[in-house]
Amino acid sequence: MTKVILKPKRAQPFFGRHPWVYAGAIDRVDGQTSDGDEVDLVSNADNFVARGLFNSQSKIHVRLYSWEQGVELDRAFFRDRLERAVHLRHDILKVNGQDAGYRVVFSEADFLSGLVVDRYGDWLTVQFTALGLAKRREMIVDVLCELLKPRGIYLRTEKGIGKLEGVELHDGLLWGEAPPPDLAIAENGLRFFIDLAEGQKTGYYLDQRDNRLAVARLTVGKRVLDAFCYSGGFSLHSAKAGATEVLGVDASEVALELARRNAAANGIANATFECADVFRHMADLASAGRQFDVIVLDPPKFARNRAAVPEALKGYRRLHQLALKLLARDGLLVSCCCTGLVTLQELEDIIGQVSVDQRRDLQILERRGSAPDHPVAITCPQSSYLKCIISRIY
């Protein structure tokens, strides 16, 4: 087995089971290897650390999967890992109801760095963000078919992953039947149509499932603004719960067509949707003197690398400045952030600074994260990415 030898004093994070070995931590490679091959990671003193998959084209030169010496990263190994992930969702969390949508595999959080699998009814979407697993996709698809018996498996790619990992993948059907145009899932008593081919992420934002329900309970008799509403998740939950008025705003007309279709399918008439630049539209609403009792801010990821974080923080600040101008006294603010590089503390600091600047008192009522089918690996804090803060402003 080819050895990847670490620089002196660089082994501790990997003995601690963090799965990403960046190029800067590596001293040398002892032996011949190709991208995607198995390698053993060893300390500078030649002590075995872990076994992983090598990729010279990525900043993450080695992704680690096993900390047991001599374990082969073969079909049996990956089947066991996938079976454990399915067991969590089916037997412990029990999220696999009829027509359910849930995350089956969450990359590092399920100790399968570079693989995401979501289930929408009888269809799966698969996303590879690691070259080593992308090269093993036929084997992984075979195991998923064995464990989950889907009707079809659709491949979704993440923006920029080709450049980051040196892997060329294209969205499309990997196995089985193509998903029907009326594919839908059931969530909290509502029905949502899913567009696996064109929808954002892998088709839907499954991570916000529990947060949508928590917010909906607070919207009875309230006027609600759902900013960056996508296909209407927060909007329709709030409308069903008894909100008097719900306005969803998004820049994607395709997403809003799906939101309107979802509203009609659920018999919801008290939600309207407008296509506009969200920042500009919120400014226009403030100029017009509009007021809302509940405002949900659920923007897309603002930063994909550390260089973009300062600009992302400016974006979150501007968004909250606009929200507080629109929020009525005793209103509720739901601040969501899926930018993993922005911490909870940074988000709270922005919210606090904006509330002080606008002379509004603020109380944090809840700090929430993603639904439990998106677990967090304690050895990989990067698997905790979604922040959802519910505040009262008066």
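A.B. asks: Hey, could you go over the environment of proline 381 for me, with residue numbers and the actual values?
C.D. replies: Among the structural elements, proline 381 can be located in the loop between β19 (362-368) and β20 (387-393). The exposed category is assigned to proline 381, whose relative accessible area is 54%.

A.B. asks: Now, about the packing of helix α10 (residues 309-326) against helix α11 (residues 344-357): what can you tell me, with residues and values included?
C.D. replies: Orientation of α10 relative to α11, taken along the N-to-C sense of each, is 40°, at an axis distance of 9 Å. Here α10 lies oblique to α11, going by the angle between them. Pair α10 / α11 crosses with right-handed handedness. On α11, the residues that touch Leu313, Tyr316, Arg317, His320, Gln321 and Leu324 of α10 are Glu346, Leu347, Ile350, Ile351, Gln353, Val354 and Ser355. Of the residues assigned to the contact of α10 with α11, the class counts are seven nonpolar, four polar and two charged.

A.B. asks: Run through the sheet that holds strand β14 (residues 223-227), naming residues and quoting values.
C.D. replies: Within the open sheet, the seven strands sit side by side as β16-β15-β14-β17-β18-β20-β19. Their pairing is mixed. Since the sheet does not close on itself, it has two edges, and those belong to β16 (271-275) and β19, each with one partner. For this sheet, the mean inter-axis angle between neighbouring strands, taken without regard to orientation, is 15°.

A.B. asks: Residue-level account of the packing of helix α9 (residues 278-287) against α10, with values.
C.D. replies: Where α9 meets α10, the closest approach of the two axes is 9 Å, and the angle between their N-to-C directions is 25°. One element, α9, and the other, α10, form an angle in the roughly parallel class. Between α9 and α10 lies a crossing of left-handed hand. Taking contact as the criterion, the partners of Phe279, Met282, Ala283, Leu285 and Ala286 in α9 are, on α10, Gly315, Arg318, Leu319, Leu322, Ala323, Lys325 and Leu326. A class-by-class count of the residues in the contact of α9 with α10 yields nine nonpolar, one polar and two charged.

So, how was this worked out
Residues numbered from 1 in each chain as written. Predicted model: local features only at pLDDT ≥ 70, side-chain atom pairs only at ≥ 80, totals over all residues. Heavy atoms only, no water. Helix = DSSP H or I, 4+ residues; strand = E, 2+ residues; numbered from the N terminus. Buried < 20%, exposed > 50% of the residue type's maximum accessible area, 1.4 Å probe, protein only. Axes fitted to C-alpha atoms, helices over the stretch in contact; angles between N-to-C directions. Parallel < 35°, antiparallel > 145°, perpendicular 65-115°, else oblique. Left-handed = near helix turned anticlockwise from the far one by under 90°. Contact = heavy atoms within 4.5 Å. Nonpolar A, V, L, I, M, F, W, Y, C, P; charged D, E, K, R; others polar. Pairing = 2+ DSSP bridges.

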